[in-house]
Amino acid sequence: MRRPLHLLLAAALSAAALGLAATPSASASDNVVADAAGNQPYASYWYPNTILDWDPATDPDARFNRSRVPLAPRVSDPALKANANARAGEGGIVSLVSFAPTSNNPSQGSLDPRYYAFGHWQYVDKLVFWGGSAGEGLILAPNPTVIDAAHRNGVKVYGTVFFPPTAYGGQIQWVRDFVQKSGTRYPVADKLAQAARYYGFDGWFVNQETAGGDTALATEMRDTLRYARSLGPVEFMWYDAMTESGSVSWQDALTTANDAFLQEGSQRTSDSMFLDFGWGSAALDSSRSLARSLGRSEYELFAGVDTEANGYDTSVPWSAVFPAGKPHTTSLGLYRPEWTHNSSTGRADSYAREARYWDGANGDPSDTTTTSSWKGLATYVAESSPITAKPFVTSFDAGQGDFYHSGGVRVSTGGWNNLSLQDVPPTYRWLVESTGTKLKPALDFTDAYEGGSALRLSGVLDAVNTVRLYQTRLPVAADTKLSVVVKTPAAGPTRLKAAVSFTDSPTTFTTFDLGSTTTAGWENRTLDLSAYAGRTVAQIGLRTTGTAASYDIKVGRLALYDGAVDAPSAPSAPTVLGTTDTGATTKTLRMAWTASAAGDVRHYEVYRRNPDGSRTFLGATPNDSYFVPRLDRVGTETSTTLDVEAVSTEYGRSPAASTTVTWSASADADLALNRPATASGQCNTTETAAKAVNGSVSGGNGDKWCTLTSTQWLEVDLGASRALHRFVVKHAAAGGESASWNTRDFTVQVRDSATAPWTTAVTVTGNTAATTTHPVSVTARYVRLSITRPTQTTDPAARIYEFEAWGS
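1. So, the sheet that holds strand 16 (residues 431-434)
Overall, antiparallel pairing links the 5 strands, which are arranged 16-19-26-22-23 in an open sheet. Of all the strands in the sheet, just strand 16 and strand 23 (505-513) have a single pairing partner and so form its edges. On average, each strand axis in the sheet is inclined to that of its neighbour by 35°, with strand direction left out of account. Of the strand pairs in this sheet, strand 19 (residues 465-475) and strand 26 (residues 536-544) are connected by 8 bridges, and their pairing is antiparallel. Bridge pairing links V467 to L542 in strand 26.

And the structure:
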């Protein structure tokens, strides 16, 4: 049964928000001020008309959304593919992935360790950063963490342009706004190209499903795409919905009704097309024939598969797209593979589901035998590898964790996610060859040498095990070294060898014994490869020998590099752009610095110096600006020194560059917390005004104040006249509800006595954010939140999870 993309997107929205029209929104001016101060930056999103006003020079979030990782070239050696049935150089895979709500995508990770840290890039060619909605914005740019991770693995990243059906808030005027013309220019297309170039991503996925168009509008859409492509180097993928007549009619194939959106004569309209989900063998065969007749490759067509609801239990006519023993018919499009994460009960379950989805039921891409119709993508598509240049370094960091280690030392506690820090995952997950019991490789989140995870090999060792990890193409020079960092439960024999093969005999491994450890800590082994100068490494792996009833070893780093480990020069001029107090002894802050003048920098790390001389890791980024999600005051310190140091691609470290943050003599507090609160009304008996000042947003949908009254207000008595410095309002999405219910228009008023007139301290229009912060300098006893437009849609209910008044 066909499920067009608008129906799939609807599953991510709250049912009460569906079918309601919305008006385009713009950022409130005082929100921009708050963002510049030190608030959380988010990925950019717009409507066609609001993107025309976007300028990275005036957007305070823009610099935090830039990717600095170039797209890596990839190789795929058919001789090294894991699965005998898989084919290299034919059909590829595009994944449409939603990492967070459109209006709430953190720019540089967060302190939440539960995140979709995708780890099977070797099977994917393109990733679409999926999103967009009538109530938030139609155009969504990808955040830099996803771009960084994808590019490090040689995967292109597209943003999304989504025009929803009328039933889901779509307005045909938005489509007309998108194709508006000024002379020979299409201004929105100019902005799409500008955003892609500035942020560092590769293209846009265009999904036009709003009814009401005609041939003229379809022609303008076609011409807009052609113009946009001419601006280069920006790619476009078209979704099979709007036809050349202007109607929305899913073809499930490339046909004469939609082929002009791919190619028309010598005119190339888009770079590829995503075919809707109702295809079968005949549809794909005819699509291939038509593509070839147009001078286009059939592999530029992506046959869509919806896995949002059922994941690897989805029924797919695999033989239509990937016929056994024959060339692929087309490429494959996966809609919402993050089902593996969203349906899981925790990290271990999420990783198990992802392995089943991509590698097959046996957790072995070479053996995908199963009675299930879903064999795993490794069955059909050969692995690709971005490891084509030195240095190559991996610490098996998954881009998430429960702590952070540097050189084997714990430098922070607490969970985090940041895909910008993810290492290139192993090419083969997992490929173990043995005549006896196979050891079990796994990512270990209980220990790490660098980051938040390591590789662990465990199990019964009763025969030689060869663990193939990475496919590579790395030339060996006279000074090339291979480094392995290992850790055993106790000092003693590792029973482990490093293993490499060369392109002149890619399946034959040469091994290097790692000997014994002298401690139970991390130990480095540096191996000289000069004897193999002039050859090219095709694979890197590990081999175990000997026997052990309970074998257990951790590998914290593999590195192949030339000469000595290089250290970059230090960054310069670190600056705190702004801070925002989030509690009596906590801040968030925005930082920037000038990039290192010399050396190849992988990323920059930010630390705070502690009064006892130690340092605490605050985060890292390849960018030259970073948002620190939490800085804690230690004791009564009046200032905190922040260090920024560059880490090279070989993991050499620069000297630190430093700056300071000051703390106020008397820390602010939320003066509204648990104070008497009254309101214009409440939706039910539990959603009282008191819920908005109880200090919590985590108590479920009932942990809020809600009202349906025609006039909507919430008033708090602070008990005495107090000096106030900022207000914080936590809207619907802060409590886990739909972002389309975030308060759009509101004011905050103040007064000193119950009989004094109200004075307006804050005015907000067009808000879309889940949490808004509003700096003020006022003195008041009574504070009042007045709501004039409660949601992004026509939904009439105001939903406030917390109303905070910070002061002293």
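Further notes follow.
2. Side note on the packing of aromatic side chains
Evaluated as defined, the whole model comprises 42 aromatic pairs. Directly above the aromatic system of Y428 lies the positively charged group of R468, at a separation of 4.7 Å from the ring centroid. Here K587 stacks its cationic end above the ring of W663, 4.7 Å away from the centre of that ring.

3. Notes on the pairing of strand 38 (residues 712-730)
The pairing of strand 36 (residues 677-679) with strand 38 spans 3 bridges and is classified as antiparallel. Across the sheet, T678 pairs through a bridge with E715, a residue of strand 38. When strand 38 meets strand 41 (residues 771-789), the two strands line up antiparallel, connected through 14 bridges. Pairing of V729 across the sheet is with T772, part of strand 41.

4. Notes on the sheet that holds strand 31 (residues 615-621)
With respect to topology, 4 strands assemble into an open sheet ordered 31-30-33-34, the strand pairing being antiparallel. For this open sheet the edge positions go to strand 31 and strand 34 (657-662), each flanked by a neighbour on one side alone. Averaged over all pairs of adjacent strands, the angle between their axes in this sheet comes to 25°, without regard to strand direction.

5. A word on the confidence of the model for the chain
Across the chain, pLDDT averages 94, with 95% of residues at or above 70. Every residue in residues 8-35 is under pLDDT 50, and counting partners more than four places away or in other chains gives 83 contacts.

6. Focus: the state of the cysteines
Under the definition given, this model contains 1 disulfide. The disulfide partner of C683 is C706, and the S-S distance across this bridge is 2.0 Å. An S-S torsion of about -60° defines the bridge between C683 and C706 as left-handed. Note that C683 is positioned in the loop between strand 36 and strand 37 (705-707) and C706 in strand 37, a separation of 23 residues in sequence.

7. Brief notes about the packing of helix 5 (residues 187-199) against helix 6 (residues 215-231)
Where helix 5 meets helix 6, the closest approach of the two axes is 9 Å, and the angle between their N-to-C directions is 35°. For the pair helix 5 and helix 6, the crossing hand works out as right-handed. Contact with helix 5, carried on its side by A189, D190, A193 and R197, involves T224, Y227, A228 and L231 of helix 6 and no other residues of that element. For the contact of helix 5 with helix 6, the per-class residue count stands at 5 nonpolar, 1 polar and 2 charged.

8. Structural notes on unusual backbone geometry
Among all residues save glycine, negative phi is the norm, and among peptide bonds the norm is trans. Here the bond from G232 into P233 is cis, since omega is -10°, no more than 30 degrees from zero. Within the secondary structure layout, P233 lies in the loop between helix 6 and strand 7 (235-239). The omega torsion of the bond from K390 to P391 falls at 0°, within 30 degrees of zero and hence cis. Examined against the element boundaries, P391 turns out to sit in the loop between helix 10 (347-358) and strand 13 (392-394). Positive phi, close to 65°, is recorded for R336, a residue that is not glycine. Of note, R336 is situated in the loop between strand 12 (331-335) and helix 9 (339-342). Taking the relative accessible area as the measure of exposure, R336 reaches 6% and is therefore buried. Positive phi, close to 60°, is recorded for N674, a residue that is not glycine.

Rules of the game
Residues numbered from 1 in each chain as written. Predicted model: local features only at pLDDT ≥ 70, side-chain atom pairs only at ≥ 80, totals over all residues. Heavy atoms only, no water. Pairing = 2+ DSSP bridges. Helix = DSSP H or I, 4+ residues; strand = E, 2+ residues; numbered from the N terminus. Axes fitted to C-alpha atoms, helices over the stretch in contact; angles between N-to-C directions. Phe/Tyr/Trp six-rings, centres within 6.5 Å; stacked < 30°, edge-to-face > 60°. Lys NZ or Arg CZ within 6 Å of the ring centre and 35° of its normal. pLDDT = per-residue confidence, 0-100. Contact = heavy atoms within 4.5 Å. Disulfide = S-S within 2.5 Å. Left-handed = near helix turned anticlockwise from the far one by under 90°. Nonpolar A, V, L, I, M, F, W, Y, C, P; charged D, E, K, R; others polar. Buried < 20%, exposed > 50% of the residue type's maximum accessible area, 1.4 Å probe, protein only.

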